[in-house]
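Chains, contacts and geometry: an overview
Residues per chain, in single letters:
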Amino acid sequence: MRMRFSSGSGDDRDAESLFRANPISYLRNVESATNKQIQDKKEELRQLVGTRYRDLIDSADSILQMKSASESISSNISSIHHSIRSLSLSVSEAASPKLQTPNATTRLRIYGIACRVKYLVDTPENIWGCLDESMFLEAAARYIRAKHVHSNLMLPSGDLEHKNILSNLPLLQHQWQIVESFKAQISQRSHERLLDRGLPVAAYADALAAVAVIDDLDPEQVLGLFLDARKTWILHTLAASAGNANATSSVAISTFCDVLGVIQVTIAQVGELFLHVMNDMPLFYKVILGSPPASHLFGGIPNPDDEVRLWKSFRDKLESITVMLHKTFISNTCWSWLRDCATQIVSKINGRFLIDAISSGQDLKTAEKLIRQTMESKEVLEGSLEWLKSVFGSEIELPWNRIRELVLEGDLDLWDEIFEDAFVRRMKMIIDSGFEDLTRAVNVSHVIHTIGVIVGEKIDFETYLNSRSSTGGGVWFTEPNNCKKPVPLLGNKASPEEDILQSCLNAYFGPEVSLIREEVDSHCLSVLEDLLSFLESAKASVRLRDLVPYLQNKCYETVSTILKELNTELDILYSAIESEDKQGDSVRRSVIVERSLFIGRLLFALGNYAKHIPLILGSPRFWVKSTGPATFEKLPSLLWQSRAAIGSPFSNNLGRQSLSSSQRQSSSATTALLGANESASPKLDELDKVTQELCMRAYSLWISWLSDELSVILSQKLGQDDGLSATTPLRGWEEIVVKQEQSDEGSSEMKISLPSLPSLYVISFLCQACEKIHSIGGHILDKSIVQRFALSLIEKVISIYQNFLYTREACGAQVSEKGILQVLLDIRFAADVLSGSDFNVNDELSRKMKSKSSIRRKQDQIQTKSSLRERVDELIYCLSQKLDPIDWLTYEPYLWENVRQIYLRHSVLFGFFVQLNRMYTDTIQKLPTNSESNIMRCSVVPRFKYLPISVPALSSRGTTGKPIAAASSDITSRNSWKAYANGELSQKVDLDDHSSFGVATPFLKSFMQYICWNRWVWFHWPKKCQLQYSSCFNSLQ
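Treat the numbers as computed from the prediction; the structure is a model and nothing was measured.

1. Some words on the overall build of the protein chain
What the protein chain contains, in helices and strands, is 40 helices and eight strands. Taken across its 1037 residues, the protein chain has 46% of its residues classed as buried. For the protein chain, contacts bridging at least 24 residues in sequence account for 80% of all contacts bridging at least 6. Of the roughly 53500 Å² of accessible surface on the protein chain, 53% is carried by carbon and sulfur atoms.

Printed below as a string of structure tokens:
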């Protein structure tokens, strides 16, 4: 027996061949698959039987119901059949009555009634045809005539015959209901017609007339309806654009132009439809009052006298209420509608303002330009040109001007009425957005908190003192290779000198400060450019009065916010350093000081090199683009002044760099800007004051910390100086020959030894202070910061020496006479170098400088003593009391002369402090006579304001005077070798401390490089070489 199995693949195979060809494991798999298929089929069959069983039962029930219904229907049909047969038999058996023939009058009445009924029956079809053809007035008139026909048919009377006739026409009442329903349809379709755009004005006149007829409206109501329909147009247009969340400025501008076109066309069509000009009747009145003879309107009705009478009565009533609207009423209505539309245009739609899609001042300018072009365009009012031609008798070049004269009775500027206030508000929002972006972009707290955060780094004061600043020191002679040069703004090409200065500034400020400064400048410039773009309009003068104070206030508030944040960070740093002082941890304090220096550099950059803050807060006159240099001559006086950068080309060219352009502004904007107030905003002075105060506060933390640490070192070195107890002259002393005149023996000579050099630790103390000044900015620092530093140092020096004397007296250790003389020289020398710390002296010097020439000056030593000078004199007096009075009277003039000579020899080395108050300008400098100095010194040559070999370009502040030429006689007449042989070096030629760095930048840069190199040599000498400091200091002259 042969059996066949179904394998898993669906192929039928012979069982024997399977057993022969495959192993047992494969056959077992085939068996299990076959059994599974068998079980699946059984389950499927069971489910099918269960489901179909219910369907079968339902089908059987349905069949039974169908059978029952069929039998019932068959029974009913049989019953009807029998009833009809019985009725036919009864009628045939009854006698037929005789027909009565009506008379002619009755027949005529019946015919008239039938014709009127037919008129009503034809009315729906007629109205449908009119509606399909958009003949709404004709449809309304047909409805009114049908209403008159129906009223004649239904007139109450005692005529029984008329009632009997109507009773035989039950279709009449039903037909009238159909006709009456068309009233709402005609009104609705006419209203919908008014909402259709792009139709000729005659179509709107027909729809308005239909509404007036069907709804019994007077012309005032019709005018309101027409204007409401146009307002619906505007709302739909605005909603479609505002509903688009991704709407761009081009979409918003297009929508505004479209809406403005609707307003203009509407006003023009109002004039054409309702305004009575000359003897021509308005179009609306022509359409509604024009009608064919009444006898022709009721065709098919015999003797329609009653209908004609009713129609004429309707026309008389229509003419009585359709009166001409007064010109003033039309004007006032249009004005009210226009203001309502203006409110809708600039209001929120779907939760947003459409004007918010315009994101910049340039887009606002483009929008205004396109909107004004739309107002002046003839294409928008093309449909009303023929009407205007008929009114004025000629072609019209500016149709909108004529229309507003006719309809609105005034010189209306749609821009002022609709858009001006909204655009000004939007410009204010753009200004707000620009400064909000600036606030978000400048996160000074985050940057400050990242400074000094290096895992595992330990920086004590000694490490900090020996470290070199990452900024490279002064900006005049540093230009790192990796420093990126700034990109000139607005396409300007910066000069090479400005590129060098900008590179040096970026190197000094560091990447973080430079980035913040650039962010501030870029955002302020962007906001200012947006405003200037928006001002390029006929409304420039009006906008300027409103927007300039707003812009300046927002700029002031934003910068004040940044300054408040910096002030908060300073409070945190001061609190932190107080807690660190209590714990005695100097490692953490260096990080705090570094952060305070960062804040100081940032404030200095914002206060002196943020170009567009002073431009915004200055006079709007200097916002004019592409003006000549004469316009900018006054610009530096209005900018944010800096004593450190007042003379630099960078400061003088701020306005010209930021706002020069190849494109000239419109004449109205230029006139408005040049007519603005010349004075700067008082908020500029407020910001300048606050910035300087915060900058001083930031540097004061560094000053306090560095002064404390340097004073500790000075105090230690002073306490360890064993030479102060020596009785023999110390190293660096010189012998002075004193001639004495005696009456009996003539003159005699006496040699005394006096110190000619300060102590090494005093020099180191001042050098380290100067080095740190150089490391945090050098000559670019404001003098008030150096002055405050000098004040702190001199107070520390006085306190140290007072404590030194008290400690020596308390422990019984005596200072020798030689030591006292050395201490006196050290104190006087340090006090003279740091004399610029005396605020009274500096104020007096400033007042005297204002009354003298700024080219060459000679400072007089001020005799007024301050409290600080009194403390120094008191300390010197206490020390001098420890000497023999006669000896002190002998030593004093020569000791102070040595102090003056030392001061002159070290004036370059300690130039940061000496520049604050240059002393001993009338003292003739002499060569040192001690044997330790073996270096030949060069004579001092005259210093020129300009290089004699060429005339540099004048500063950009409008200097027009002739360059100062060096007279050859001044050079040749000075015999410097003779002066050297006599040991006298002239100090008659001074360099003006207050002269502008921008006058002769190459010369000043070379001079500064020379000073920097000499200081670098000193700071990097080994200790052994520093012992030969006296000769080195002389060489620096």
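2. With respect to the nonpolar core
Ranked by internal contacts, the top residues of the largest apolar core, which has 247 residues, are Ile263 and Phe913. Ranked by residue count, the leading element in this core is helix H28 (residues 682–719), at 15 residues. For Ile263, the residues in contact, after removing those within four places along its chain, are Ile234, Trp337, Leu338, Cys341, Ile345, Leu414 and Ile418.

3. Details of the side chain of Glu420
Structurally, Glu420 can be placed in helix H17 (residues 414–441). For Glu420, the side chain forms a polar contact with the side chain of Trp415, separated by 2.5 Å. Once you skip the residues sitting within four places of it in the chain, Glu420 turns out to touch Trp415, Lys539 and Arg543.

4. Here's the deal with the packing of helix H30 (residues 783–811) against helix H31 (residues 817–833)
Where H30 meets H31, the axes come as close as 10 Å, and the angle between the chain directions of the two elements is 165°. Relative to H31, the element H30 is oriented roughly antiparallel. In the packing of H30 onto H31, the handedness of the crossing is left-handed. Judged by residue contacts, Ile794, Val797 and Tyr801 of H30 engage Val823, Asp826, Ile827, Ala830 and Ala831 from H31. Here the residues of the contact of H30 with H31 sort into seven nonpolar, no polar and one charged.

5. Side note on the packing of aromatic side chains
The relation between two aromatic rings is expressed through the spacing of the ring centres and the mutual angle of the planes. Under the counting rule described, the total for this entry stands at 19 aromatic pairs. Each ring, one from Tyr143 and one from Trp176, has its centre 6.4 Å from the other, and the planes form 15°; the classification is stacked. Taken together, the residues Tyr143 in helix H4 (residues 136–153) and Trp176 in helix H6 (residues 171–180) connect sequence positions 33 residues apart. With respect to class, Tyr143 is no different from Trp176; both count as buried. Judged by centre distance (5.5 Å) and plane angle (75°), the rings of Phe284 and Tyr285 are edge-to-face. You'll find Phe284 and Tyr285 in the same group, each marked buried.

6. Focus on the confidence of the model for the protein chain
Predicted confidence across the protein chain gives a mean pLDDT of 75, with 72% of residues reaching 70 or more. Counting contacts from residues 626–666, a segment whose pLDDT is below 50, to residues more than four positions away or on other chains yields 117 contacts. Confidence drops under pLDDT 50 across residues 947–1037; counting only partners more than four residues distant or on other chains, this segment forms 146 contacts.

7. Quick notes on the side chain of Gln822
Its location among the elements puts Gln822 in helix H31. A relative accessible area of 5% places Gln822 in the buried class. If we ignore the near neighbours within four places in the chain, the residues touching Gln822 are Leu724, Trp733, Pro755, Leu757, Pro758 and Ser759.

8. What about a nonpolar patch on the surface?
A cluster of nonpolar side chains, Leu45, Leu48 and Val49, forms an exposed patch at the surface whose accessible area comes to about 280 Å². Tracing the backbone through its elements, the reader meets Val49 in helix H2 (residues 24–93).

9. A look at unusual backbone geometry
Negative phi characterises most residues that are not glycine, and trans characterises most peptide bonds. The phi dihedral of Asn303 is positive, around 55°, even though this residue is not glycine. Along the chain, Asn303 turns up in the loop between helix H11 (283–289) and helix H12 (305–321). Among the residues examined, Asn303 registers a relative accessible area of 56% and is labelled exposed.

10. Concerning the pattern of salt bridges
Applying the stated criterion across every chain, the model contains 28 salt bridges. Where Lys365 meets Glu536, a salt bridge forms, and the shortest distance between an N and an O atom there is 2.6 Å. With Lys365 in helix H14 (residues 361–376) and Glu536 in the loop between helix H20 (496–535) and helix H21 (540–583), this pair connects stretches of sequence that are 171 residues apart. According to the relative accessible area criterion, Glu536 is buried, its value standing at 19%. One salt bridge connects Glu897 with Arg900, and the closest N-O pair in it is separated by 2.8 Å. With a gap of three residues between them, Glu897 and Arg900 both fall in helix H34 (residues 885–905), about one helical turn apart.

11. Notes on the packing of helix H29 (residues 760–775) against H31
Orientation of H29 relative to H31, taken along the N-to-C sense of each, is 15°, at an axis distance of 10 Å. As summarised for this structure, H29 and H31 are arranged roughly parallel, according to the angle between their axes. For the pair H29 and H31, the sense of crossing is right-handed. On H31, the residues that touch Tyr761, Val762, Ile763 and Leu766 of H29 are Asp826, Phe829 and Val833. Taken together, the residues that form the contact of H29 with H31 break down as six nonpolar, no polar and one charged.

12. Some remarks on the environment of Ser249
Considering the arrangement of structural elements, one finds Ser249 in helix H10 (residues 249–274). For Ser249, a relative accessible area of 18% corresponds to the buried category. Sequence-wise, Ser249 and Ile355 are 106 residues apart; in three dimensions their C-alpha atoms are separated by 8.1 Å. Setting aside residues no more than four positions away along its own chain, Ser249 makes contact with Ala357, Ile358 and Asp363.

What counts and how
- Per chain, residue numbering runs from 1 following the sequence as it is written.
- Since the coordinates come from a predicted model, pLDDT governs what is reported: local features require at least 70, and pairs of side-chain atoms require 80 or more to be given and counted, while whole-chain, interface and lining totals use all residues.
- Note: side-chain values were computed over all heavy atoms of the structure, leaving out hydrogens and water.
- Counting from the N terminus, the helices are the DSSP runs of H or I reaching at least four residues and the strands are the DSSP runs of E reaching at least two.
- A simple rule labels every residue: compare its accessible area, found with a 1.4 Å probe on the protein chains alone, to the largest value its type can have, and call it buried under 20%, exposed over 50%, or partly exposed in between.
- Two residues qualify as a contact provided that any one of their heavy atoms is within 4.5 Å of a heavy atom in the partner residue.
- Per-residue and other accessible areas were derived by the Shrake-Rupley procedure at a 1.4 Å probe size, with only the shown protein chains allowed to occlude residues.
- Within this scheme, the nonpolar core is defined by two criteria: the residues are buried Ala, Val, Leu, Ile, Met, Phe, Trp, Tyr or Cys, and they are joined through side-chain atoms within 4.5 Å.
- We define a polar contact as two N or O atoms separated by no more than 3.5 Å, with the added condition that, inside protein, one atom must be a possible hydrogen donor and the other a possible acceptor, whereas residues neighbouring each other in sequence contribute only through side-chain atom pairs.
- Fitted lines through C-alpha atoms give the axes, limited to the stretch in contact for helices. The angle between two N-to-C directions lies from 0 to 180 degrees.
- Under this scheme an angle from 65 to 115 degrees is roughly perpendicular, one under 35 degrees roughly parallel, and one over 145 degrees roughly antiparallel; angles in between are oblique.
- If you view the pair so one helix is near and one far, a crossing is left-handed when the near helix is turned anticlockwise from the far one by less than a right angle, and right-handed when it is turned clockwise.
- Residue type decides the class: Asp, Glu, Lys and Arg count as charged, Ala, Val, Leu, Ile, Met, Phe, Trp, Tyr, Cys and Pro as nonpolar, and the leftover types, Gly among them, as polar.
- Stacked, edge-to-face and tilted labels apply to pairs of Phe, Tyr and Trp rings (six-membered ring for Trp) whose centres lie within 6.5 Å, assigned for plane angles under 30 degrees, over 60, and everything in between, in that order.
- Per-residue confidence from the prediction method is given by pLDDT, with values spanning 0 to 100.
- Patch members must show over 30% relative accessible area and no salt bridge, and they are joined within 9 Å when carrying like charges or within 5 Å when they are nonpolar side chains of Val, Leu, Ile, Met, Phe, Trp or Tyr.
- Any carboxyl oxygen of Asp or Glu within 4 Å of a side-chain nitrogen of Lys or Arg constitutes a salt bridge here.

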